[in-house]
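# Architecture and fold: a report
Spelled out from the first residue to the last, the chains are:
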Amino acid sequence: MSNGRKINLHNHTYYCRHGSGNVADYMYWAEKENITVLAFSEHVPLPDEVLLRSRLRIETLPFLWKEMEDASAAYPGIKLLRALEGEYIPEFMNFQKELKEAHKLDFMIASNHYIWLDGHDNKFPSVTDRGALKIVAEQSIALIESGLGIFFAHPDLFFALGCPWSDEAKAVSKDIIECAKAHKLPLEINAYGLRKDMITDADGVTRPRYPKREFWELAAEIGGIEVVCNSDAHTPSAIWRGVPECMAWAAELDLPVVNERLAREILTK
Ligand SMILES: [Zn+2]
Ligand SMILES: [Zn+2]
């Protein structure tokens, strides 16, 4: 089961403050790459400008929606979806769900980019840190169980800063995969990590920061996991870059790619 049409459910524009390109710039590349469904999924804006460095202000959202409406009129052959990339921050889970309704989003993505403790973001571990990994597992599970997103983006992002494939990291991966399986939540093989500089991890292994190959081999071994493959573009020319490699991993590991099914469910809602 492969993704026949090119459907990319995860992208950022200059509104995220760490990317480039506006919606029109993306449409140029979407047409060039024959993409049929494209979601814009900025990092969710949060109250009181929390984590503003990596996201837009709430009052800026209508400007993004207007850019998308104009682009839809100019490119009727490309379906655009309104999305936001949400976070596991216990105090803002209801806020995010309300934002989804208020802004008539097509969907939300569930993501963890940090370890969230006492109202602050903390980095993922660069070594096998039992304490930190335990929290990664707990917060990933809480995010899946929250029902916030229609898929869990880069569930293996906690390997990005150098944590090796240790017994502890494997146990965390297993907990995340089994929870996603129990909740039938697709996991995202995210191409952005393939476009970043490689990292030499604490075991001396030089590898992409993510996706972490062993995580996906474990998902295949456990079985019953569906995946989505997205670019997570932060610049328009990267709109499809790395996605074929992610799909090749999914095919090799017999992990069904469900971008098309998710898009159909959203568009027929
Ligand atoms: Zn992300
Ligand atoms: Zn993203």
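Overview of the structure. For clarity, every value in this text was computed on a predicted model and none was experimentally measured. (Residues numbered from 1 in each chain as written. Chains lettered and ligands numbered in written order. Predicted model: local features only at pLDDT ≥ 70, side-chain atom pairs only at ≥ 80, totals over all residues.)

Time to look at the overall build of the chain. Helix and strand content of the chain: nine helices and ten strands. Dimensions of the chain, computed from the C-alpha atoms along their principal axes, are close to 50 × 45 × 35 Å. Per-residue burial over the chain gives 46% buried out of 269 residues. When contacts within the chain are restricted to residue pairs at least 6 apart in sequence, those whose partners lie at least 24 apart make up 78%. (Helix = DSSP H or I, 4+ residues; strand = E, 2+ residues; numbered from the N terminus. Buried ≥ 20, exposed ≤ 12 C-beta atoms within 10 Å, placed from the backbone. Contact = placed C-beta atoms within 7 Å.)

So, about the packing of helix H1 (residues 23-32) against helix H2 (residues 61-74). It is at 9 Å that the axes of H1 and H2 come closest, and there the two elements cross at 35°. Considering only the axes of H1 and H2, their crossing is right-handed. Taking contact as the criterion, the partners of Val 23, Ala 24 and Met 27 in H1 are, on H2, Glu 67, Met 68, Ala 71 and Ala 74. Among the residues making up the contact of H1 with H2, the classes are represented as six nonpolar, no polar and one charged. (Axes fitted to C-alpha atoms, helices over the stretch in contact; angles between N-to-C directions. Left-handed = near helix turned anticlockwise from the far one by under 90°. Nonpolar A, V, L, I, M, F, W, Y, C, P; charged D, E, K, R; others polar.)

To continue, consider helix H4 (residues 130-146). Counted at 1.5 Å a residue, the expected span for H4 with its 17 residues is 24 Å, and the 24 Å between its end C-alpha atoms agrees. By the burial criterion, the buried members of H4 are Ala 132, Leu 133, Val 136, Gln 139, Ser 140, Leu 143 and Ile 144. Taken down its axis, H4 places every buried residue within 140° of arc, on the same side. Residues of H4 that are exposed and point more than 90 degrees away from the buried face comprise Arg 130 and Gly 131. The secondary structure elements touched by the buried residues of H4 are strand E4 (107-111), strand E5 (115-117) and helix H5 (167-182). (Expected span 1.5 Å × (residues − 1). Arc of directions from axis to C-beta.)

Let us look at the nonpolar core. Ranked by size, the top nonpolar core spans 75 residues in total, and within it Ala 83, Phe 152 and Val 227 carry the most contacts. In this structure Ala 83 touches Ala 39, Phe 40, Ser 41, Leu 105, Asp 106, Phe 107, Met 108 and Ile 109, once residues within four positions along its chain are discounted. (Core = buried A, V, L, I, M, F, W, Y, C linked by C-beta atoms within 7 Å.)

A word on the pairing of strand E10 (residues 227-230). Of the two faces of E10, both are covered, the one formed by Val 227 and Cys 229 as well as the one formed by Val 228 and Asn 230. Of the strand pairs in this sheet, strand E7 (residues 187-190) and E10 are connected by four bridges, and their pairing is parallel. Bridge assignment links Glu 188 to a residue of E10, and that residue is Val 228. (Pairing = 2+ DSSP bridges.)

Turning to its location among the elements, Lys 123 is positioned in the loop between strand E6 (120-122) and H4. When the 12 C-beta atoms within 10 Å are taken as the criterion, Lys 123 is described as exposed. Each C-alpha atom, one on Lys 123 and one on Leu 161, is 8.4 Å from the other, the two residues being 38 residues apart in sequence. The contacts of Lys 123, once residues within four sequence positions are left out, are Tyr 114 and Leu 161.

Turning to its location among the elements, Lys 66 is positioned in helix H2. Taking the C-beta count within 10 Å as the criterion, Lys 66 has 11 such neighbours and is therefore assigned exposed. Sequence spacing of Lys 66 and Val 23 is 43 residues, and the spatial spacing of their C-alpha atoms is 9.7 Å.

Peptide bonds are, in most cases, trans, and in most cases residues other than glycine have a negative phi. Following Tyr 210, the chain continues to Pro 211 via a peptide bond in cis, the omega torsion being -5°. Position of Pro 211 relative to the elements: it lies in the loop between strand E9 (206-207) and helix H7 (213-222). Its identity is not glycine, yet Asn 34 carries a phi of approximately 60°, on the positive side. Mapping Asn 34 onto the fold places it in the loop between H1 and strand E2 (35-43).

Of the positions making up helix H8 (residues 243-252), those classed as buried are Val 243, Cys 246 and Ala 250. On an axial view of H8, the arc spanned by its buried residues comes to 65°, and they lie on one face. Across H8 from its buried face, at more than 90 degrees, point the exposed residues Pro 244 and Glu 252. Phi for Asp 254, located one or two positions after H8, is positive at around 60°.

That is the geometry; function is a separate question.
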